[in-house]
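# A structural walkthrough
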Amino acid sequence: MPTDRADADHAEIRAAVRALCRDFPGEYWRRLDAAREYPTEFVRALTRAGWLAVLIPEEFGGSGLGVAAAAAVLEEIHAAGCNGAACHAQIYTMGTLLRHGSAEQKAKFLPQIARGALRLQAFGVTEPGSGSDTTALRTTARRDGDAWVIDGQKVWTSRAEHSDLMLLLARTAPRGELAKRTEGLSVFLVDMREAVGKGLTIRPIRTMMNHATTELFFDGLRIPAASLVGEEGRGFRYILDGMNAERILIAAECLGDLRWFVDKATAYAKERVVFGRPIGQNQGIQFPIARAWAQGQGAALMVGRAAQLFDAGEACGAEANMAKLLASEAAWQAAEACVQTHGGFGFAEEFDVERKFRETRLYQVAPVSTNLILAYLAEHVLGLPRSY
Ligand SMILES: Cc1cc2nc3c(=O)[nH]c(=O)nc-3n(C[C@H](O)[C@H](O)[C@H](O)COP(=O)(O)OP(=O)(O)OC[C@H]3O[C@@H](n4cnc5c(N)ncnc54)[C@H](O)[C@@H]3O)c2cc1C
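A brief look at the structure comes next. (Residues numbered from 1 in each chain as written. Predicted model: local features only at pLDDT ≥ 70, side-chain atom pairs only at ≥ 80, totals over all residues. Heavy atoms only, no water.)

Of the regular secondary structure elements, the chain holds 13 helices and 10 strands. For 388 residues, the compact-globule estimate of 2.2 N^0.38 gives 21 Å, and the chain sits close to it at 21 Å. Considered along the principal axes of its C-alpha atoms, the chain spans approximately 80 × 50 × 35 Å. A buried classification covers 54% of the 388 residues belonging to the chain. (Helix = DSSP H or I, 4+ residues; strand = E, 2+ residues; numbered from the N terminus. Rg over C-alpha atoms; globule rule 2.2 N^0.38 Å. Buried < 20%, exposed > 50% of the residue type's maximum accessible area, 1.4 Å probe, protein only.)

Both strand S2 (residues 140-144) and strand S3 (residues 147-158) contribute to a ladder of five bridges, which runs antiparallel. Across the sheet, Asp144 pairs through a bridge with Ala147, a residue of S3. In this structure, the hairpin formed by S2 and S3 is closed by a connection of two residues, where Gly145 is found at a positive phi of approximately 65°. (Pairing = 2+ DSSP bridges.)

Next up on the list: the pairing of strand S5 (residues 185-191). With respect to burial, S5 is a largely interior element, six of its seven residues being buried. For strand S4 (residues 165-171) and S5, the ladder comprises seven bridges, and the chain directions are antiparallel. Following the sheet pairing, Ala170 is matched in S5 by Ser186.

It is worth spelling out helix H13 (residues 370-381) at this point. With 12 residues, H13 extends 16 Å from end C-alpha to end C-alpha; this agrees with the ideal 16 Å at 1.5 Å per step. Contact partners of the buried residues in H13: helix H11 (317-342). Where H13 terminates, the next one or two residues include Gly383, which has phi positive at roughly 75°. (Expected span 1.5 Å × (residues − 1). Contact = heavy atoms within 4.5 Å.)

One pass over the full model with this rule turns up 19 salt bridges. Between Asp33 and Arg36 there is a salt bridge, and its shortest N-O distance comes to 3.6 Å. In this structure Arg36 comes out as partly exposed when scored by relative accessible area, which is 24%. Salt-bridge contacts for Arg386 lead to Glu379; the nearest nitrogen and oxygen are separated by 3.5 Å. Here Arg386 falls in the partly exposed class, since its relative accessible area comes to 38%. Look at the salt bridges and you will find they share partners, linking Arg14, Arg18, Glu75, Glu76 and Arg259 into a network. (Salt bridge = Lys/Arg side-chain N within 4 Å of Asp/Glu carboxyl O.)

Here the focus is unusual backbone geometry. Here the bond from Ala366 into Pro367 is cis, since omega is 0°, no more than 30 degrees from zero. Mapped onto the elements of the fold, Pro367 is located in the loop between helix H12 (353-361) and H13. Phi at His10 is positive, roughly 60°, even though this residue is not glycine. By the element assignment, His10 lies in the segment before helix H1 (11-21). Positive phi, normally seen in glycine, also occurs at Asp352, with a value near 70°. Assignment of secondary structure puts Asp352 in the loop between H11 and H12.

Of all residues adjacent to the ligand, which total 18 residues, the nearest are Thr126, Ser132, Trp156, Ser158 and Ser369. Separating a nitrogen atom of the ligand from a backbone N or O atom of Phe123 is a distance of 2.9 Å. For the ligand, whose unbound accessible area comes to 970 Å², protein coverage reaches 67%. For the shell around the ligand, the elements supplying multiple residues, two or more each, are S3 and H13. Grouping the constituent residues of the shell around the ligand by class yields 10 nonpolar, seven polar and one charged. (Near = heavy atom within 4 Å. Polar contact = N/O pair within 3.5 Å; in protein donor to acceptor, adjacent residues only side chain to side chain. Areas by Shrake-Rupley, 256 points an atom, 1.4 Å probe, with all protein chains shown as cover. Nonpolar A, V, L, I, M, F, W, Y, C, P; charged D, E, K, R; others polar.)

Set out below in structure tokens:
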């Protein structure tokens, strides 16, 4: 394989993840894609092997590794043609609990999350009226005796049907009464098993790819007072804290996608003969693939740099955002080149190209859109006036 990263960092992790992924070939993903079914066996295999607990400290039963190691796991999953979106949140969503949860919460939940007895796959931040503008969210949490009462609506809450717990961001103080718009939001750890049917309704959303995403309706849902994570009113900051890890890890998935597309395109370009010669002999076929590959190599350096800074506990907002921007765009260039190289067969389901093409497109929109990353860089790195 031209893009094998066997000699890259975390070579042993990469080899082990690749071996696991061999049990989940294209036919497996195609069957699920057609039925829009969740890859339960795949997620179970990753959980059993401990790959979803890489970031959980050893004292809580995880591997205690860093974001660089987690990035290697997700990159290899995607390079193998699998889809980590089914479970990537189990790796990083617990970071909010780890950094801001109480000692009791951590002792209660983290060991169970580490061994896969509890799934923390869902995070409810986005609402119909607030995606990029998180602080405009309107779902409320009101204190009532020993409970919080939740009312409102979330959208795009992925994996909610396949998770036991959900991290929820809700408003605990009206927006108009606060000095800063980032105040007045709080994070809750909601036990979905207790909540569904008792004030929480989950409705699946069918999307262009197989993503198990949903909308959530809260109607007087009562959750225990102890569900609050950290301090009331500081939730926006807690969620922001977790975003750098998320961006780096999604960028790693894009690098894996890029490798998959480049491998697939080069293999086909060598074997497909048109006008008596392999199409890969034409520069019109070679150049888009080579260009995407070069862009991906640049993106990989930025992913590595961002992960290194994150793991050293240093500020990495700019690097994490740039990693996500560069990797998602490189993956999309590779996807486009791969479809074009395959001609008509790029559209045939059995080649998997069209499925991966649909899957990788998401990452220019979620978890943060390209424009919002550019706005961040313009303001925080270049010192230009805030544009939103
Ligand atoms: C499949 C899928 C899964 C998701 N999973 C989750 C999840 O698990 N949990 C969760 O909370 N959310 C999730 N999301 C939501 C995702 O994070 C949002 O879709 C994303 O942040 C964009 O928000 P929006 O869709 O509301 O777009 P909007 O904020 O409405 O933006 C629409 C477009 O306008 C652009 N735009 C907006 N403002 C500006 C500006 N000032 N300058 C320039 N351009 C601007 C944006 O870049 C974007 O292209 C998911 C989304 C999808 C599609």
